[in-house]
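Working through the structure, step by step
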Amino acid sequence: MKDFNLNRPDDIITPQARAMKFARYLAGTYIAFVMDTDCEAPRITMTIPLPESAVGYIESCIWFFKHEAEVRTYYPKPVAEICEESEHKGQLLRLLNYFNARIYPDQTDGGKGLSDPQIYFAPRFYITEDGGFDITATTFVNYKSWDAVDEISEYIIRYCPEVLNDLAPYVVGVLKGVLTAEEAIDRFETELMGIE
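Residues numbered from 1 in each chain as written. Predicted model: local features only at pLDDT ≥ 70, side-chain atom pairs only at ≥ 80, totals over all residues. Heavy atoms only, no water.

**A look at the nonpolar core**
Side chains of nonpolar character tend, in soluble globular proteins, to be buried together. Ranked by size, the top nonpolar core spans 29 residues in total, and within it Tyr75, Leu92, Phe99 and Ile135 carry the most contacts. Every element with two or more residues in this core is listed here: helix 3 (77-85), helix 4 (89-102), strand 5 (124-127), strand 6 (135-142), helix 6 (152-175) and helix 7 (181-191). Among the elements that take part in this core, helix 6 stands out by supplying 9 residues, more than any other. With residues near it in sequence (within four places) discarded, Leu92 still touches Cys83, Ile127, Ile135, Val171, Val174 and Leu175. Core analysis: the next-biggest nonpolar cluster, separate from the first, contains 22 residues, Ile31, Ile48, Val149 and Ile152 among them. (Core = buried A, V, L, I, M, F, W, Y, C linked by side-chain atoms within 4.5 Å. Buried < 20%, exposed > 50% of the residue type's maximum accessible area, 1.4 Å probe, protein only. Helix = DSSP H or I, 4+ residues; strand = E, 2+ residues; numbered from the N terminus. Contact = heavy atoms within 4.5 Å.)

**Looking at the sheet that holds strand 3 (residues 57-64)**
Spatially, the 6 strands line up as an open sheet ordered 1-2-3-4-6-5, and their pairing is antiparallel. The sheet is open, and its two edges are formed by strand 1 (32-38) and strand 5, each paired on a single side. Across the sheet, the mean angle from the axis of one strand to that of its neighbour is 25°, orientation sign disregarded. As paired strands, strand 3 and strand 4 (residues 68-74) are joined by 6 bridges and run antiparallel to one another. Paired with Ile62 across the bridge in strand 4 is Val71. Sitting on the sheet, helix 4 touches strand 5 and strand 6, and the angle it makes with strand 5 is about 165°. (Pairing = 2+ DSSP bridges. Axes fitted to C-alpha atoms, helices over the stretch in contact; angles between N-to-C directions.)

**Section: helix 4**
Helix length check: helix 4, at 14 residues, gives a terminal C-alpha distance of 20 Å against a target of 20 Å (1.5 Å per residue), a fit within 8%. Taken together, the buried positions of helix 4 are Leu92, Leu95, Leu96, Tyr98, Phe99 and Asn100. Buried residues in helix 4 make contact with helix 3, strand 5, strand 6, helix 6 and helix 7. (Expected span 1.5 Å × (residues − 1).)

**Examining the packing of aromatic side chains**
What the rule picks out here adds up to 10 aromatic pairs. Relative to Phe125, the ring of Phe99 lies with its centre 5.9 Å away and its plane at 65°, an arrangement referred to as edge-to-face. Taken together, the positions of Phe99 in helix 4 and Phe125 in strand 5 put the pair 26 residues apart, joining distant regions of the chain. No difference in accessibility class separates Phe99 from Phe125, as the two residues are buried. Seen from their ring centres, Tyr143 and Trp146 are 6.4 Å apart, and the 75° between their planes marks the pair as edge-to-face. Within this pair, Tyr143 and its partner Trp146 are both found in helix 5 (residues 143-148), separated by 3 residues, close to a single helical turn. By way of ring pairs, the aromatic residues Phe22, Tyr25, Phe64, Tyr143 and Trp146 are connected into one cluster. The residue whose ring lies beneath Arg18 is Tyr143, and the NZ or CZ to ring-centre distance is 4.1 Å. (Phe/Tyr/Trp six-rings, centres within 6.5 Å; stacked < 30°, edge-to-face > 60°. Lys NZ or Arg CZ within 6 Å of the ring centre and 35° of its normal.)

**Remarks on the side chain of Thr138**
Mapped onto the elements of the fold, Thr138 is located in strand 6. The buried category is assigned to Thr138, whose relative accessible area is 7%. Polar contacts involving the side chain of Thr138 include one to the side chain of Tyr126, which spans 2.7 Å. Apart from the residues lying within four places of it in its own chain, the contact partners of Thr138 are Glu70, Val71, Arg72, Ala122, Pro123, Arg124 and Tyr126. (Polar contact = N/O pair within 3.5 Å; in protein donor to acceptor, adjacent residues only side chain to side chain.)

The analysis is restricted to geometry; functional conclusions fall outside its scope.
In structure tokens, the structure reads:
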């Protein structure tokens, strides 16, 4: 007989069931998605439209592993191609390092919690190592947090794509050599963070 730890939601709800539940949620939205399996884990791949943005859309994948989900949000193929051809990847890595140090989601709970804002999860920014040159924001979310945070769906389909959309002018500017990393950081701090 299996020794179930009833305090671990992943022992009760399978990764497949979690993926199906999230797919049902997506079916009620404007987001196109497909479900498949990758590395023996259920995976949902989404195309999230951003009609007002320069990139047009953002892509995202969720792998539902045994104890946690990996949420990857990344720019579409044209941006990856710019990255692959760029001679300024070193500058981009400097900029991504800055983003990793400074960008945390505002996950307030309407002022009803013990502390505001609360940080449940935060994306890490990087260029993928698989030769695809995807500029990615990835978050690992354990299922205890997934189940406890009502805003997880909003984080996945709105927050992460909007953050990448907001960062796109700086990322692409650096890749094209229009901006240095330091210039992009200065502009980001002035334009998005309000730092004078």
